[in-house]
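What follows is the residue order along each chain.
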There are 2 protein chains.
Amino acid sequence: MDKEDLTNNSCEACHADAPLVTEEEIKELKPKIPAWQILNIDSIDRLSCSFAFKNYMEGLSFVSKVAAMAELEDHHPEIVLEWGKVTVSWWSHKIKGLHKNDFIAAAKTDAIYAG
Amino acid sequence: MDKEDLTNNSCEACHADAPLVTEEEIKELKPKIPAWQILNIDSIDRLSCSFAFKNYMEGLSFVSKVAAMAELEDHHPEIVLEWGKVTVSWWSHKIKGLHKNDFIAAAKTDAIYAG
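The text that follows walks through the structure, step by step, so that each part is easy to find. (Residues numbered from 1 in each chain as written. Chains lettered and ligands numbered in written order. Predicted model: local features only at pLDDT ≥ 70, side-chain atom pairs only at ≥ 80, totals over all residues. Heavy atoms only, no water.)

1. Description of the packing of helix H3 (residues 56-73) of chain A against helix H4 (residues 100-114) of chain A
Residues and elements named next belong to chain A.
And step 1. Relative to each other, H3 and H4 sit at 145°, their axes nearing to 10 Å. Here the hand of the crossing between H3 and H4 comes out right-handed. Taken together, the residues of H4 that come into contact with H3 (itself represented by Phe-62, Lys-65, Val-66, Met-69 and Glu-73) are Ala-105, Lys-108, Thr-109, Ile-112 and Tyr-113.
And step 2. Of the residues that constitute the contact of H3 with H4, the class distribution is six nonpolar, one polar and three charged. (Axes fitted to C-alpha atoms, helices over the stretch in contact; angles between N-to-C directions. Helix = DSSP H or I, 4+ residues; strand = E, 2+ residues; numbered from the N terminus. Left-handed = near helix turned anticlockwise from the far one by under 90°. Contact = heavy atoms within 4.5 Å. Nonpolar A, V, L, I, M, F, W, Y, C, P; charged D, E, K, R; others polar.)

2. What about the interface of chain B and chain A?
And step 1. The interface of chain B with chain A comprises 17 residues on the first partner and 17 residues on the second.
And step 2. Each partner contributes to the roughly 1,400 Å² buried at the junction of chain B and chain A, and carbon and sulfur atoms together form 69% of this total.
And step 3. In terms of surface lost to chain A, no three residues of chain B exceed Tyr-56, Met-57 and His-76 of chain B, which account for 31% of the buried area on that side.
And step 4. Put simply, chain B and chain A have zero salt bridges between them.
And step 5. The tally of links from chain B across to chain A stands at four residue pairs in polar contact (both at pLDDT 80 or more).
And step 6. Contributing elements (two or more residues each) for the side of chain B that touches chain A: helix H3 (56-73) and strand E3 (78-82) of chain B. (Buried area = accessible area lost by both parts, 1.4 Å probe. Salt bridge = Lys/Arg side-chain N within 4 Å of Asp/Glu carboxyl O. Polar contact = N/O pair within 3.5 Å; in protein donor to acceptor, adjacent residues only side chain to side chain.)

3. What about the pattern of salt bridges?
Residue and element names in this part refer to chain B.
And step 1. On inspection of all chains with the given rule, the structure shows six salt bridges over all chains.
And step 2. Lys-108 serves as the salt-bridge partner of Glu-73, at 3.0 Å between the closest nitrogen and oxygen. Taken together, the positions of Glu-73 in helix H3 and Lys-108 in helix H4 (residues 100-114) put the pair 35 residues apart, joining distant regions of the chain. The two residues Glu-73 and Lys-108 agree in class, both being buried.
And step 3. Of the charged contacts, one joins Glu-82 and Lys-85 as a salt bridge, the two residues approaching to 3.9 Å between their closest N and O atoms.
And step 4. Overall, the relative accessible area of 23% leaves Glu-82 in the partly exposed class.
And step 5. Given the relative accessible area of 35%, Lys-85 is considered partly exposed. (Buried < 20%, exposed > 50% of the residue type's maximum accessible area, 1.4 Å probe, protein only.)

4. Considerations on a negative patch on the surface
All names here are of chain A.
And step 1. Side chains of Glu-23, Glu-24, Glu-25, Glu-28 and Asp-45 sit close together on the surface and give a patch of like negative charge.
And step 2. Per element, the largest residue contribution to the negative patch is four residues, and it comes from helix H2 (residues 23-29).
And step 3. Residue placement: Glu-24 occurs in helix H2.
And step 4. According to the relative accessible area criterion, Glu-24 is exposed, its value standing at 58%. (Patch = residues over 30% accessible without salt bridge, like charges linked within 9 Å, V, L, I, M, F, W, Y side chains within 5 Å. Areas by Shrake-Rupley, 256 points an atom, 1.4 Å probe, with all protein chains shown as cover. Lys, Arg positive; Asp, Glu negative; His and termini not counted. Charge placed at Lys NZ, Arg CZ, Asp CG, Glu CD.)

5. Notes on the relation of the copies chain B and chain A
And step 1. Note on the identical chains: chain B maps onto chain A by a rotation of 180° and an axial translation of 0.0 Å, with an RMSD of 0.0 Å. Within this description, the copies of the chain are treated as partners about a two-fold rotation axis. Every residue of chain B has its C-alpha some distance from the rotation axis, and the shortest such distance is that of Val-80 of chain B, at 2.2 Å.
And step 2. In this assembly, 100% of the residues forming the interface of chain B have copies in chain A that are likewise at the interface, indicating an isologous arrangement. (Least-squares fit on C-alpha atoms with pLDDT ≥ 70 in both.)

6. Overview of unusual backbone geometry
Residues and elements named next belong to chain A.
And step 1. Not every positive phi belongs to a glycine, and Asp-42 is a case in point at roughly 55°.
And step 2. Relative to the helices and strands, Asp-42 resides in the loop between strand E1 (37-41) and strand E2 (44-52).
And step 3. A residue is classified by how much of its surface remains accessible, and Asp-42, at 71% relative accessible area, is exposed.
And step 4. At Ser-43, a residue that is not glycine, the phi angle is positive and equals roughly 65°.
And step 5. Of note, Ser-43 is situated in the loop between E1 and E2.

Take a look at the structure:
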């Protein structure tokens, strides 16, 4: 499966008993989103990536586009807007960690940034 | 000076040699923005407040309005968008702490939330 396949996926509804991604799946999926880091915050793994912008309003425009995608996917990231920088973090609240949905959403975020 | 006076102010250009607010000024200004906390992160004081929303897109709408105000004031906060919650933090990067501008901007943020 190449990156194109990942962005062509949609997030599936995620239930509390859905599986976290396995180590094997992370090895397969993570190289498709190389700019992203897996951070463990409050014992919950999340995919996090910062994107650079020329100013605040260009950052805001990106926030709006990512939010619109999130709404379509019914999967919502934490987004931090600062002057010249937007940091997006994806994780699956119901399973307190990473689901394949998060890798799909991260790849779609990269595609939005790439324009 | 009442809260009305604070929201009627505009942020002045802030230079690296501008004064941090004094303890006396904090005692005068902080009661005008009671919902805000002064947090010290990385040795820098900031005003921070979380606002509740029914969903992600209502939070995004608030982010856009605060960003538009920030652009007018040429003073830009960190804004964290999550599902149902937006956290706004104001501080003055050039002086690594709180300037009167930050209290003005916080009061204006409250006014936007109040609609």
